[in-house]
Amino acid sequence: MNKNKLVFSGVQPTGNLHLGNYLGALKNFVALQKEMECIYCVVDLHAITVFQKPEELKSNLLETVAGFIAAGLNPDKSIIFNQSSVSGHAELAWILNCVSRIGWLNRMTQFKDKAGSDKEKASVGLYIYPNLMAADILLYKATHVPVGADQKQHLELSRDIAQKFNNDFKCKDFFPLPEPLIPKNVSRIMSLRDGTKKMSKSEESDYSRINLKDSADDISKKIKKAKSDSDQIPDNLKALEKKPEALNLITIYSEISKISLEKVLNEMSGKEYSFLKNKLAEHLISEITPVGKEVKKLLADKSHLLQVLKKGKEKASIIAEENLKNIREKVGLI
Ligand code: AMP
Ligand code: TRP
């Protein structure tokens, strides 16, 4: 266990976890837990930047924790908790709101996407969301942050905020500059219906994504219906440049079967996409359905999940309070 490294990441409790979350984030979370100290947070304060029905927010929180554990996180090894249970996140976010610059936030593409055409109507929380994300990471002085590619810009902002704090308060190296850990091939799993959009909980059609709780039958149907290409599978990646749906299916297959992209193309070139789809569905069913079944089993015992969160909160609070005491001192708050 490397004592100088600390991993932090967050997932919003806004609905079903899907294959993008699993390949882009959760699998990495599980691998890292073997090598480093890890803190995994269900970021409920981020979720409410867009209105959430209170009852749904509560059940989505438990569902996300169940997804963490079912994917392989061990609550005895990693700290698992929800963001709003440690008040230091909100407190540090306020301090960082005063360090971060409006010009920096104005460059954030996720805000532009989520706020849509009428930005005047977006919540203030949605606008300063990246400052809260920086607070999540810096509250623990985390050094490594596993995320999908969509979070890269937010991570860069966290580094800028950390650096400005260290400069403004003349405390070089006080906050480490957190490093993103972004998986190479599966940093952006795309929608099964439109290969130019990322797979997401918010896309309307359920056929656009594979959810961890999907049955074998659902997975087969969704893969069968997924957009691909009427040409045969080519023997090189360049030929897939303008065929994002086909590239997405091949990438998912390569990752889940643990066969390199080059080898997949070597073995399958000249075949129809239906051949790839059958094999892909088999692999997905054998990897994803056991996770989904475990999620359902875990959700049947809510008191156990609440206990995991309580224990996680206690462990997270110890680190957060110690760091916050030093942060307040640096800023001059008594
Ligand atoms: P969210 O569900 O938006 O809170 O995302 C949780 C984690 O999953 C983050 O690290 C995201 O970067 C990652 N993620 C979400 N969607 C995708 C996707 N389509 N492909 C790869 N990673 C993703
Ligand atoms: N913004 C991230 C997402 O939407 C979730 C998140 C919040 C996060 N705080 C974080 C990720 C801190 C990494 C570290 O996916």
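Residues numbered from 1 in each chain as written. Chains lettered and ligands numbered in written order. Predicted model: local features only at pLDDT ≥ 70, side-chain atom pairs only at ≥ 80, totals over all residues. Heavy atoms only, no water.

## A word on the environment of Lys 279
What counts is decided by this rule: In this description a helix means any DSSP run of H or I spanning at least four residues, a strand means any run of E spanning at least two, and both kinds are numbered starting from the N terminus. Note on contacts: a residue pair is in contact if any heavy atoms of the two residues lie within 4.5 Å.
In this fold, Lys 279 is placed in helix H12 (residues 273–299). Between the C-alpha atom of Lys 279 and that of Tyr 253, which follows or precedes it by 26 residues, the distance is 8.1 Å. Sequence-distant contacts of Lys 279, that is, excluding residues within four places in its chain, are made with Tyr 253 and Met 268.

## Thoughts on unusual backbone geometry
So the rule is basically this: When a residue's accessible area, from a 1.4 Å probe over protein chains only, is under 20% of the maximum for its type it is buried; when over 50% it is exposed; and in between it is partly exposed.
The phi angle at Lys 141 is positive, at roughly 50 degrees, despite the residue not being glycine. In this structure, Lys 141 sits in the loop between helix H7 (124–139) and strand S4 (144–146). The class for Lys 141 is partly exposed, based on a relative accessible area of 23%. The backbone phi angle of Lys 170 is positive, close to 50 degrees, even though this residue is not glycine. Relative to the elements of secondary structure, Lys 170 occurs in the loop between helix H8 (152–168) and strand S5 (179–181).

## Some words on the site of ligand 2
Spelled out, the test is: Residues are classed as near a molecule or strand on a simple rule: at least one heavy atom within 4 Å of it. Nitrogen and oxygen atoms within 3.5 Å of one another constitute a polar contact, given that in protein one can donate a hydrogen and the other can accept it, and given that sequence-neighbouring residues count only through two side-chain atoms. Residue exposure ignores everything except the shown protein chains as possible cover, and the areas themselves are Shrake-Rupley values with a 1.4 Å probe.
Taken together, 13 residues lie near ligand 2, and Gln 12, Tyr 129, Met 133, Asp 136 and Gln 151 sit nearest. Here Tyr 129 contributes a side-chain N or O atom positioned 2.7 Å from a nitrogen atom of ligand 2. About the coverage of ligand 2: the protein hides 91% of its 360 Å² of free accessible area. Going through the elements one at a time, strand S1 (2–11) and H7 are the ones with two or more residues in the shell around ligand 2. With 4 residues, the single largest contributor to the shell around ligand 2 is H7.

## What to know about the domain arrangement of the protein chain
Reports often express the size of an interface as the amount of accessible area lost when the parts come together. Spelled out, the test is: Segment limits for the domains were obtained from an automatic or database-derived domain assignment. Buried area, as used here, totals the accessible surface that two parts lose on assembly, with accessibility defined by a 1.4 Å probe and the loss added over both. Here, a salt bridge means any side-chain nitrogen of Lys or Arg that lies within 4 Å of a carboxyl oxygen of Asp or Glu. In this classification, the charged set is Asp, Glu, Lys and Arg, the nonpolar set is Ala, Val, Leu, Ile, Met, Phe, Trp, Tyr, Cys and Pro, and all remaining amino acids, among them Gly, are polar.
Per the domain assignment, the segments of the protein chain are domain 1 (2–187 + 302–331) and domain 2 (206–297). Contact with domain 1, which involves 15 residues of that partner, is made by 15 residues of domain 2. At the boundary of domain 1 with domain 2, total buried surface from both sides reaches about 1,400 Å², with 69% on carbon and sulfur atoms. Broken down residue by residue, the surface that domain 1 buries against domain 2 is led by Leu 19, Tyr 22 and Ala 70, which jointly contribute 37%. The interface formed by domain 1 and domain 2 holds 2 salt bridges in total. Notably, a salt bridge pairs Lys 213 with Glu 63, separated by 3.0 Å at the nearest N-O pair. Counting every contact that joins domain 1 to domain 2 gives 5 residue pairs in polar contact (both at pLDDT 80 or more). The set of elements that each furnish at least two residues to the side of domain 1 that touches domain 2 consists of helix H1 (19–33) and helix H3 (54–71). Taken together, the residues of the side of domain 1 that touches domain 2 break down into 9 nonpolar, 4 polar and 2 charged.

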